[in-house]
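Per-entry structural report
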Amino acid sequence: MEGASLLENAVIYLTAGVIAVPIATRLGLGSVLGYLIAGTVIGPYAIGLVADQQSVLHFAEFGVVIMLFLIGLEVRPSILWGMRKAFFGLGGAQVVVSGAVLGALGLAFGLFWQESFALGFILALSSTAIVLQTLEERHLRQTATGTASFAILLFQDLSIIPMFALVPLLAASHGGNAAPIHHGVFADDPAWVRALGVLAAVLLIVVVGHFLMRPVFRFIANARQREIFTAAALLLVVAVALLMQAVGQSAALGAFLAGVVLAESEFRREIEADIEPFRGLLLGLFFISIGASVNLALVAHHPLLLAAVVPGVMIVKALVIFGIARLSGSDSRTAAQVGVALSQGGEFAFVLLGVASVAGIVTADIAALATVGVAVSMALTPLALIAFERICARPKAAAGPAPEDEAFDMRPDVLIAGFGRFGQIVGRLLVVNGFRTSTLEASAEQVALVRRMGRRVNYGDATRLALLRAAGAADAKLLVVAIDDRDAAEKLVEIATRNFPHLKILARAYDRRHAYRLLDKGADIVERETFEGGLKLGEEALKSLGFEDHLAARARRLFRVHDEEMFRALATVWRDEERYVVATRETSARMNELLAADLQEMKDEQGADLGAP
């Protein structure tokens, strides 16, 4: 019966999402708001199709964990260090100032100071899941707005640790339950033991991620079993989450740290592509669960209070963040957009409100109202951003990338699929001329070899659409197909042509027929892999046989011209084997005659020049 209930709930959640999200997206509201509306409708306070949304919420919170892990994969340690000013400056100031201002407002409305400042700092937190998903849908992740928002959200997530530690102190001064709020294997140990446990867990994640996971993923990649690679990636995230929970810390922060450690790994893109579908599904469940937790009965009983408090808190937070962002050097539009984006309450507020209520700092009624207020503010965030964009007459491009926007991976100019001897030559030529490249190579051995030489290359099968997206195909201008596998090359050209029509595709062909197939699939330019090498060697052979350098070079150019004409002439018959063979013989004979005539003419001209007085 329990299994049937679980399956029924799964059907209800999935059906609600499938119906609501496309409608919300079509109306320009975004998928996040669609999920929240769907959850509110099916929740226990509306039509009541699902009753126990808390159990689903705990499961769906793993979507937030995966999201933080994927974000960590995009933030290389060097970039994270470069963000330290925004992280401590913007993030630290936002939490402290927002918490103090909101706490002072609570005092002004007659709350005890402990209750006021507990609520103030809890409401100072924003929703990492809501903000980053909404910014991504509105193509703002790579802008100055996205960078500033990410720095603040990351600091907020870290600030949860001291907030848990402060709850017993506030409870003691308020006459509530002063027992320390700890969980995990070190819950009953002294503070220094718990601190050592956390430090040991962090060091274990860093050491294992840096030294052990690469050879493990390389071993799995050599087995050529994609589902095992996916299982290993998920196992890594789950193991890190459990480890951090065991030492009493946030699973999401541990996942982020693991992602940062693996950000320099050659398997980063493959891991990202494998885990991405799970993140989307679980985040959808998370948003639906948040929507289902909105107590509509409580809203109906206190409509005026919530109508005043929720927008009021969002406006206060937006104004505080706007002022801090302006002081840090952001332009007015970016500062305002960051303020609007982060004005809601966060998912960790649900946990902290429960802890504060149990400790006796916040009354049960106020905790319930605050919980509903946080959920409503989450639902209002996508609408607030839509309203902001419509109010601002300036185009979105005005909030273009700032120099520090490399918190996420750089947008590549060129995506290179296949990094063997051919792809490396192309890549080096592009890099030395100042172009950004993103590379994918399906051989783990080749990736390891190239990385030992100090060149950046990612492991992964470029024919996977999700991996192409993760590698930056949507932003790149060119796709260079340098894959050894002929069938895979054709498949990649077909996939790229269909899904990324803006990409100009340059492909390496094995031979003439393979070149025709690649052109037929949608490649713009095709180069036969041995053609230029053969021509160059032929030129050297002519020089060794007595040709002068300029004559040998001209002979090479003439051959290329005639061969290109022959290539085009056979393009109409290459699919018909018999006609192709006959046409090849005829065209080859004709080309040889024309080429010989041109070369003879060239020699005659040279002789005439030498004999001139």
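The following paragraphs examine the structure supplied in this document. (Residues numbered from 1 in each chain as written. Predicted model: local features only at pLDDT ≥ 70, side-chain atom pairs only at ≥ 80, totals over all residues. Heavy atoms only, no water.)

1. Quick look at the environment of Thr 230
Put simply, the rule is: Numbering of helices and strands starts at the N terminus; helices are DSSP runs of H or I of at least 4 residues and strands are runs of E of at least 2.
Tracing the backbone shows Thr 230 in helix α11 (residues 226-246). As a C-alpha pair, Thr 230 and Glu 270 span 40 residues in sequence and 8.8 Å in three-dimensional space.

2. Looking at empty space enclosed by the protein
Formally: Here a cavity denotes a set of grid points, spaced 1 Å apart and computed over the protein atoms alone, in which a 1.4 Å probe fits but from which it cannot get out, and a pocket denotes an open set meeting protein on both sides within 12 Å along at least five of seven lines; residues with an atom within 4 Å of a point are reported as lining. Grid points are joined across faces, edges and corners, and a volume is the space filled by probe spheres set on the points. Residues were grouped as follows: Ala, Val, Leu, Ile, Met, Phe, Trp, Tyr, Cys and Pro as nonpolar; Asp, Glu, Lys and Arg as charged; and all remaining residues, including Gly, as polar.
Going through the model one piece at a time under the given rule, you end up with two cavities of 30 Å³ or more. Reported here for the largest cavity is a volume of approximately 40 Å³. Around the largest cavity, the lining residues are Leu 29, Gly 30, Val 32, Thr 134, Glu 137, Arg 138, Pro 382 and Ile 386. Sorting the residues of the lining of the largest cavity by element identifies α8 (128-137) and α18 (364-391) as the ones contributing at least two each. The class makeup of the residues in the lining of the largest cavity is four nonpolar, two polar and two charged. Considering only enclosed or pocket space, the second largest cavity measures out at about 30 Å³ in volume. Along the walls of the second largest cavity sit Leu 68, Ile 71, Thr 128, Leu 132, Phe 150, Leu 153, Leu 154 and Asp 157, which together make up its complete lining. Mapped by element, the contributors of at least two residues to the lining of the second largest cavity are α4 (62-74), α8 and α9 (144-174). Element by element, the count of residues in the lining of the second largest cavity is highest for α9, at four residues. Each residue belonging to the lining of the second largest cavity can be placed in one class, and the counts come to six nonpolar, one polar and one charged.

3. Concerning the side chain of Gln 94
Keep this limit in mind: For this analysis, residues touch if any pair of their heavy atoms sits within 4.5 Å.
Relative to the assigned elements, Gln 94 resides in helix α6 (residues 84-108). If we ignore the near neighbours within four places in the chain, the residues touching Gln 94 are Gly 99, Ala 124, Ile 152, Gln 156, Lys 317, Ile 321 and Ile 324.

4. Notes on the packing of aromatic side chains
The condition that has to hold: Centres within 6.5 Å make a pair out of two Phe, Tyr or Trp rings, where for Trp the six-membered ring is used; the pair is then stacked when the planes are under 30 degrees apart, edge-to-face when over 60, and tilted otherwise. Only protein chains enter the area calculation, which uses a 1.4 Å probe; residues under 20% of their type maximum are buried, those over 50% are exposed, and those in between are partly exposed. Whether a charge sits over a ring comes down to the Lys NZ or Arg CZ being within 6 Å of the ring centre and within 35 degrees of the ring normal.
Per the counting criterion, the structure on display carries two aromatic pairs. When the ring of Phe 217 is compared with that of Phe 229, the centres are 5.1 Å apart and the planes differ by 40°; the resulting orientation is tilted. Of this pair, Phe 217 sits in helix α10 (residues 191-222) while Phe 229 sits in helix α11, and the two are 12 residues apart along the sequence. Classification of Phe 217 by relative accessible area gives buried; the value is 1%. Classification of Phe 229 as buried rests on a relative accessible area of 3%. Taken together, Phe 217, Phe 229 and Tyr 459 form an aromatic cluster joined through their ring pairs. Above the ring of Phe 422, the side-chain terminus of Arg 508 is found at 5.0 Å from the ring centroid.

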